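# Chains, contacts and geometry: an overview
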Amino acid sequence: MDSLHTPSGRAPAAREFEGRVAVVTGSTSGIGLGIAEALAARGAAVVLNGLGGREEAEVARRRLAEAHGVPVLYDAADMSRGGEVQGLVERSAAALGAVDILVNNAGVQHVAPIEDFPSERWELILAVNLSAVFHATRAVLPGMKRRGWGRVVNIASAHGLVASPFKSAYVAAKHGVLGLTKVAALEAATSGVTCNAVCPGYVWTPLVAGQVSAQAKAHGLTEEEVTQEIFLKEQPTRRFATVEEISAATAFLCSEAAASITGAALPVDGGWTAH
Ligand code: NAD
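### Describing helix α5 (residues 168-188)
Here α5 is 21 residues long and its end C-alpha atoms lie 30 Å apart, about the 30 Å a rise of 1.5 Å per residue gives. Where α5 is concerned, the buried positions are Ala169, Tyr170, Val171, Ala173, Lys174, Val177, Leu178, Thr181, Ala184, Ala185 and Ala188. In this structure, the buried side of α5 is in contact with α4 (119-147), β5 (150-155), β6 (193-200) and β7 (265-268).

### So, the domain arrangement of the chain
Each domain of the chain was delimited in the assignment, giving domain 1 (13-201 + 242-268) and domain 2 (203-239). One C-alpha centre belongs to domain 1, the other to domain 2, and the line joining them spans 25 Å. Contact residues are listed per partner, giving 14 residues for domain 1 and 9 residues for domain 2. Buried area between domain 1 and domain 2, summed over both chains or domains, comes out near 810 Å², and the portion from carbon and sulfur atoms is 61%. On the surface where domain 1 and domain 2 come into contact, there are 1 salt bridge.

### Brief notes about the site of the ligand
Taken together, 31 residues are adjacent to the ligand, and Met79, Asn105, Tyr170, Val203 and Thr205 come closest. Between Leu51 and the ligand, the recorded distance is 2.9 Å, taken from a backbone N or O atom to an oxygen atom. In this structure, Asn105 approaches the ligand through a main-chain N or O atom, which is 2.7 Å from an oxygen atom. Protein contact buries 93% of the 830 Å² of open area that the ligand shows by itself. Spatially, the ligand is embedded in the largest pocket. Of all elements in the fold, only α1 (30-41), α5 and α6 (206-219) reach the threshold of two or more residues within the shell around the ligand. Partitioning the shell around the ligand into residue classes produces 16 nonpolar, 13 polar and 2 charged. If you count residues domain by domain, the shell around the ligand takes at least three from each of domain 1 (13-201 + 242-268) and domain 2 (203-239).

### Side note on empty space enclosed by the protein
By the definition in use, this model includes 1 cavity of 30 Å³ or more. Each pocket or cavity is described by its volume, and for the largest cavity that value is around 60 Å³. Along its surface, the largest cavity is lined by Thr25, Asn104, Asn105, Ala106, Val128, Asn129, Ala132, Val133, Asn154, Ile155, Lys174 and Val177. Where the lining of the largest cavity is concerned, the elements lending two or more residues are α4, β5 and α5. Broken down by element, the residue count for the lining of the largest cavity peaks at 4 residues, all from α4.

Parameters at a glance
- Residues numbered from 1 in each chain as written.
- Predicted model: local features only at pLDDT ≥ 70, side-chain atom pairs only at ≥ 80, totals over all residues.
- Heavy atoms only, no water.
- Helix = DSSP H or I, 4+ residues; strand = E, 2+ residues; numbered from the N terminus.
- Expected span 1.5 Å × (residues − 1).
- Buried < 20%, exposed > 50% of the residue type's maximum accessible area, 1.4 Å probe, protein only.
- Contact = heavy atoms within 4.5 Å.
- Domains from an automatic or database assignment.
- Buried area = accessible area lost by both parts, 1.4 Å probe.
- Salt bridge = Lys/Arg side-chain N within 4 Å of Asp/Glu carboxyl O.
- Near = heavy atom within 4 Å.
- Polar contact = N/O pair within 3.5 Å; in protein donor to acceptor, adjacent residues only side chain to side chain.
- Areas by Shrake-Rupley, 256 points an atom, 1.4 Å probe, with all protein chains shown as cover.
- 1 Å grid on protein atoms, 1.4 Å probe; cavity = no way out; pocket = protein on both sides within 12 Å on 5 of 7 lines; lining within 4 Å.
- Sits in = over half its atoms within 2 Å of the grid points.
- Nonpolar A, V, L, I, M, F, W, Y, C, P; charged D, E, K, R; others polar.
- Points joined across faces, edges and corners; volume = space filled by probe spheres on them.

This is how it looks when you write it as structure tokens:
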């Protein structure tokens, strides 16, 4: 890991993650890419992960590496498969020395009433949104505990704290993520490793854009009507949260200042869960 330190051996405050290695699952787009960028900007070496075109991932990888002067790798592991989740952690540690920061961000969604909810969608959402968090956490914890420092941040959702209709698998998975976050926090509490969750409200990303157009079709409304009358109705600020706001909260939870915060669920939801 020494090779990642500045020549002086001391990272300037703005590069507080210099010498740290971060794995961010589902970071080829949306919130995950924003978090990867926020960690890289603060000096961390980053492993990007996600589905989609390799070319697109390579563009993101090169952009982050050049903009922030840190090593950035891409790994195409499929977070719906436990063995591949473990492989992502192992390959990242082998390539960069260790995994110090794990951000479990990969997520998928499907919207349908329970009685129409396809079983295979339920299985996929539970696998990617919940089981992958378990597999990745299990893989990173031994090394983090051994080194006496680590950060696990789970990108849950306001839907980890409250429910909405038609999102049975997503709401169940995100509630599960908050439970797992607390267990990991308790098990690692004396070892310098924290585990927390960020609970975004609606953030404008490809995942939400897909939901807006699906609901517009389902309800016979325009996308603007769906945005204002369905999505932002829940969010007292009446605006989407930004990727930058979620990324900054995540970076804070990875910082030294957050060393005594563990097992917490931090809403970044414009007041949604204050209702
Ligand atoms: P997004 O669709 O833009 O990005 C999801 C990422 O996950 C992509 O990089 C995708 O490739 C990756 N992914 C999906 N399935 C995968 C798999 N099997 N293996 C590996 N990678 C996979 O979504 P987003 O809006 O940026 O969401 C990111 C996280 O934030 C999710 O966990 C989501 O539940 C959560 N979240 C989002 C919002 C929101 O409003 N956008 C609100 C609350 C929580």
